[in-house]
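Next come the chains, spelled out residue by residue.
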Amino acid sequence: MSRLRARVLLAEDEENLGSLLETFLRGRGHLVTRVRDGRAALDALRAQAFDVALLDIVMPEMDGLEVLRAVGGLPVPPEAVVMTGNGTIDTALTAMQLGAYDYVTKPYRMAEVDLLVLRAAEKFSLRLVSAGWRWSMGATHDVFLTRMPELRRALVTAERDARDGDQGPWIISGPAGSGRRTLARWLHARSARSAHPALLVSVTGVESVDSAALFGAPGVAGDMAVGALESARRSMVVADGWSRSALPLLDRLGDIHANGCFHRSGTGPEVPLEARLCICVDDVSVLPPPLLASATMVVALPPLRARTVDVRILAEHFLRLAGGASGRGAITLGEDAAALLVRHRWPGQIAELREVMTAAAWRVPGRLLRAADLSLPPLASGAADGVDRLAEPVRATASLAELERHQIAAVLEELGWHRGRAAARLGISPRTLYRRIRQLGLSPKTATTPHSRTSGTPEGPV
């Protein structure tokens, strides 16, 4: 287990002792800022965010106790350890009454100071975690299922970045309910930051609310004016629900990644950005170009109606979960039920499919779920039967290769063979779509033949 790397303010006016202590703490992996008088210490605490403040009692300008009194009035005070050379119990007691974490008397051993800094930093870190509880996504490691070749390849790259990379934001695009948060959790579970739960901020479109949740504001987290980006520390923040109304905040996030730091609510001390950001958005076009360019991973999730090959495995997965939760045990998905599910439009995306399968698991009389046991929600105007005509011609027992060919052909036909729009609908690049059209031998005349042989190879779920 790696040591905690704390941000330490060292206020010590004795040159030799201060240099020795600074060198020692840096050698232990801490980030140390040294000042030589009380006034400079207070200015530094107001300008930057620290985990621990090591304060000498006797200093020019302001003594350590005066600095300690002022520290208590900061919105997010660090844990303070006072260093006293007179050894009087009165000084130590006064320091503790003013909110000091602990004290150490001179002459002290370096190991003693190191231990105090670590314990004080751990306490400060716990305060941040406590302040961020309302944004916690929990420790659930969701499974992410897909048989779409292009999406599988994108996930392999994304998982590699989660495991080996640790720079820049992640961007997951797709309609709400398409599995953006599930994918974010799935990737976080495979990242170097997985020891700590990710935090979730649901963007509301109200700038003051969103700014407070991300960057902090007085009263947003009880007695600590911190936001999710600061609470997460070395974990990840998933920001979901962006729209064009939140462009100012998106621009600010781009600046933060460029500078590596931010200010709580735009003012106050400078806070280094340690958390990794995952942006979930309907359409990447709302993102500022600098933020999009800084992303180390961009994954596009197509709507469920464009993931025909995934509907069955997702339905069976939700049926297993619901069967276990209801105490019914294993329930088999019938072929007629699978065909009906594949043909549905799913305007509510994966969340809607989960609800349908959960309800069916409680309602089915036996161990086999048939089409008659399903209750599909009605669609909005224009599609009263709830059936997706893109999926209608394909058999529920069709092979993965047939399903892929049919889905590409149907989307192309629906969009008048506009390859750019079809690629966006399918969640693949135009170049990949062009290659698959050639491999599958598709043309406007042959595209509606769903059962032709193809060179595609079935792939299992991720």
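Structure: see above.
Residues numbered from 1 in each chain as written. Predicted model: local features only at pLDDT ≥ 70, side-chain atom pairs only at ≥ 80, totals over all residues. Heavy atoms only, no water.

Undergrad: Lay out the packing of aromatic side chains with the relevant residues and their values.
TA: Within the structure shown, the criterion is met by one aromatic pair. Centre to centre, the rings of phenylalanine 215 and phenylalanine 262 are 6.1 Å apart; their planes meet at 55°, and the pair counts as tilted. Of this pair, phenylalanine 215 sits in helix α8 (residues 207–215) while phenylalanine 262 sits in strand β9 (residues 261–263); the two residues are 47 residues apart in sequence, bridging distant segments of the chain. Here arginine 252 stacks its cationic end above the ring of phenylalanine 215, 3.6 Å away from the centre of that ring. (Phe/Tyr/Trp six-rings, centres within 6.5 Å; stacked < 30°, edge-to-face > 60°. Helix = DSSP H or I, 4+ residues; strand = E, 2+ residues; numbered from the N terminus. Lys NZ or Arg CZ within 6 Å of the ring centre and 35° of its normal.)

Undergrad: Describe the pairing of strand β11 (residues 276–281), listing the residues and the values that go with them.
TA: With six of six residues buried, β11 lies mostly within the body of the structure. Covered by surrounding structure in β11 are Arg276, Cys278 and Cys280 together with Leu277, Ile279 and Val281, the residues of both alternating faces. As paired elements, strand β6 (residues 170–173) and β11 share four bridges and run parallel to each other. Within β11, the position partnered with isoleucine 171 by the bridge is isoleucine 279. (Buried < 20%, exposed > 50% of the residue type's maximum accessible area, 1.4 Å probe, protein only. Pairing = 2+ DSSP bridges.)

Undergrad: Which residues make up helix α4 (residues 89–97), and what values do they have?
TA: Within α4, burial applies to Thr91, Ala92 and Ala95. For α4, the angular spread of the buried residues around the axis is 95°, confining them to a single face. Exposed positions of α4 whose direction lies more than 90 degrees from the buried face are Ile89, Asp90 and Gln97. Turning to α4, the residues buried within the fold contact α3 (64–71), β4 (79–84) and β5 (102–105). Glycine 99 sits one or two residues past α4 and shows a positive phi near 105°. (Arc of directions from axis to C-beta. Contact = heavy atoms within 4.5 Å.)

Undergrad: I'd love a proper account of the environment of aspartate 283, names of residues and values included.
TA: Along the chain, aspartate 283 falls in the loop between β11 and α11 (289–294). By relative accessible area, aspartate 283 is classed as partly exposed at 40%. Separated by 17 residues in sequence, aspartate 283 and alanine 300 have C-alpha atoms that sit 9.1 Å apart. One polar contact links aspartate 283 to serine 285, side chain to side chain, over a distance of 2.8 Å. (Polar contact = N/O pair within 3.5 Å; in protein donor to acceptor, adjacent residues only side chain to side chain.)

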